[in-house]
Amino acid sequence: PRSYRITLLPGDGIGPEVVSVAKDVLYLAGSLEGIEFRFREVPVGGAALDSTGVPLPEETLTTAKESDAVLLGAIGGYKWDANEKHLKPETGLLQLRAGLGVFANLRPATVLPQLVDASTLKKEVAEGVDIMVVRELTGGIYFGKPRGFGSNDKGEDIGFNTEIYSVPEIDRIARVAFEVARKRRGQLCSVDKANVLEASMLWRKTVTALASEFSDVEISHMYVDNAAMQLIRNPKQFDTIVTNNIFGDILSDEASMLTGSIGMLPSASIGASGPGLFEPIHGSAPDIAGQDKANPLATVLSAAMLLRYGLGEEQAAKRIEDAVINTLNKGFRTGDIFSEGTTLVGCKRMGAEVLKSVDSQATVA
Ligand code: NAD
Ligand code: IPM
Ligand code: MN
C-alpha cells in the first residue's frame, strides 16, 4: 500500500479536539483508498512552551520536515498572551511556516447550499459564493526588518514593523495564483494598497508584468479597503484573490463569514518543495476550548486539502469532502453553524457522524 508519514500538531485550545477528529477521518478515508498513514504527534505553540520552553522545538520542526505532510490544529491562548515575542505561541507558528518554506497559503471560501441559512448575509448575496484566497505566507510585515520596540526623537516609546516584498517573492506567489485561477473560472483579482504603500506598488507592477504569461486568465487589481467592502456587497464577483500576508489574513477571516462560520474554512500552505502545512484558518478559540463545542469541519476539510495538495490523493480527498456534505445533508450542526430545524451536536459527535458517512461509502464504492 501507499504509505505516508503525517506530522500532527494539535497545539492549543480547541486544536487537540479538532485534530483528533480530523486524524480519524483521514485514517479511514485513506484506508478505503489503500493508503496507510504513520502519524507522529509533536508539540507546537503554548503546548510546546509548557513542555519545552520554546514555541517551536527543534524536534518539532525536524519531524515536520521529515514527514510527507503536516496537519496543525491551532495555537495560542490567554496564558501566553503577555509573553515576550520570542516566547509567544504565534511566533512558533510563524517559525514553522518559514521553516517549511510554505509561502503559498490557499484559503477557499465556499458557501455550501446546506449552510446558506448560517450566513449573516442575505440568501441571494451568499448563495453560490466560491472564492479562493491565495495569501502570501512567509513575507511582508509579518517577517520584515527592521522591527521592534524603541523610542523616537521625542523620547516616546515606539513599536515598529516593516512591510517588505522582493520581486521574486511577489513573482512566485503570483505564479501560484495565476495557476490556481486558470484551473478555476479564470479570473484573478490582485488586492493591494498601491495608492499608498511602496511594497504594494512593486506588488502591482510585478503581478501586471506576469499577466502576459497567463493570457487565458483575466487579471484585475483592487485596493484592499474596497476589496473588504466588495466582499460583503457582492462576493460573487470574485473567483481567485491574490494578496500579501496581512491583507490575506484579514480578508480570509472576512470571507469565512460569507460561508456561515470560520469553523468551516480549511487551508493549505505549500512551498517550492517539501511537505505542505494544512490547518484551519481559525484560531484556538479559548472561549469554547475544552467544552466539546468546536466545529471540527475546517480541520477535517484541511485533511482533505492535505490529501489533494500535499499527497496528490484526489480520490481520498473527495471521500472526505463528500462525507462532510453528507453529514450536513443529514442535518448535523455544531453551534456556530446551527439554524432552526437542524440537529445541534458537539465536536465529537460531529466527528463520529462524518466517520459514519465515510464508512458508508465503503459499500457504495
Ligand atoms: P479564533 O479564531 O480563535 O476565535 C474567534 C471566534 O471564532 C471565537 O468566538 C471562537 O469561539 C470562534 N471559533 C473559532 N474557531 C471555531 C470553531 N472551529 N468552531 C466554532 N467556533 C469557532 O480567534 P481569536 O479569538 O482572535 O484568537 C484566539 C487565539 O488563537 C489567539 O491566541 C490567536 O493568536 C490564536 N490564533 C491562532 C491561529 C492559528 O493557530 N492558525 C489563527 C488565529 C488565531
Ligand atoms: C492565521 C492566524 C495567524 C496569522 C497568527 C496566529 C500568527 O491569524 O493563521 O490566520 O496571522 O497568520
Ligand atoms: Mn488569521
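Our structure's up above, just so we're on the same page.
In this text, all values refer to a predicted model and were calculated from it rather than measured experimentally. Position numbers for residues count from 1 along each chain, tracking the sequence in the order it is written. Labels follow written order: the first chain is A, the first ligand is 1, and so on. Per-residue local features of the predicted model are confined to residues with pLDDT of at least 70, and side-chain atom pairs are confined, for both listing and counting, to 80 or more; whole-chain, interface and lining totals are unaffected and use all residues. To get the side-chain values, all heavy atoms of the structure are used, and hydrogens and water are removed first.

Engineer: Any chance you could explain the site of ligand 2 here in plain terms?
Structural biologist: Around ligand 2, a shell composed of Glu90, Arg97, Arg107, Arg135, Tyr142, Asp249 and Ile281 is seen. At a separation of 3.1 Å, an oxygen atom of ligand 2 approaches a polar side-chain atom of Arg107. Residue-level accessible areas treat just the shown protein chains as cover; the underlying method is Shrake-Rupley with a 1.4 Å probe. When ligand 2 sits alone it has 320 Å² of accessible area, and the protein chains cover 78% of it. Looking at the shell around ligand 2, its residues break down into two nonpolar, no polar and five charged. If even one non-hydrogen atom of a residue comes within 4 Å of a molecule or strand, that residue is called near it. Polar contact criterion, stated in full: a pair of N or O atoms within 3.5 Å, where within protein one must be able to donate a hydrogen and the other to accept it, and residues adjacent in sequence count only if both atoms are side-chain atoms. In this count, Pro and Cys sit with the nonpolar residues alongside Ala, Val, Leu, Ile, Met, Phe, Trp and Tyr, while Asp, Glu, Lys and Arg are called charged and the others, Gly among them, polar.

Engineer: Would you take a moment to explain the site of ligand 1 for this structure?
Structural biologist: Neighbouring ligand 1 are 21 residues, the closest being Glu90, Gly283, Ala285, Asp287 and Asn295. In isolation ligand 1 has 800 Å² of accessible area, and contact with the protein removes 69% of it. Split into classes, the residues belonging to the shell around ligand 1 amount to 10 nonpolar, seven polar and four charged.

Engineer: I would appreciate a short explanation of the pairing of strand 10 (residues 240-243) in the present structure.
Structural biologist: The two faces of a sheet get side chains in turn, since along a regular strand they alternate between them. Whether a residue is buried, partly exposed or exposed follows from its accessible area with a 1.4 Å probe, protein chains only, as a fraction of its type maximum: under 20%, in between, or over 50%, in that order. Numbering goes from the N terminus for both helices and strands, where a helix is a DSSP run of H or I of at least four residues and a strand is a run of E of at least two. Every second residue of strand 10 is oriented toward a common face, with Thr240 and Val242 on one face and Ile241 and Thr243 on the other, all of them buried. Pairing between strands requires that DSSP locate at least two bridges from one strand to the other. Here strand 5 (residues 130-136) pairs with strand 10 via four bridges, running parallel. Among the inter-strand pairings, Met132 is bridged to a residue of strand 10, identified as Thr240. Of the strand pairs in this sheet, strand 8 (residues 187-192) and strand 10 are connected by four bridges, and their pairing is parallel. Its bridge partner being in strand 10, Val191 is matched across the sheet by Thr243.

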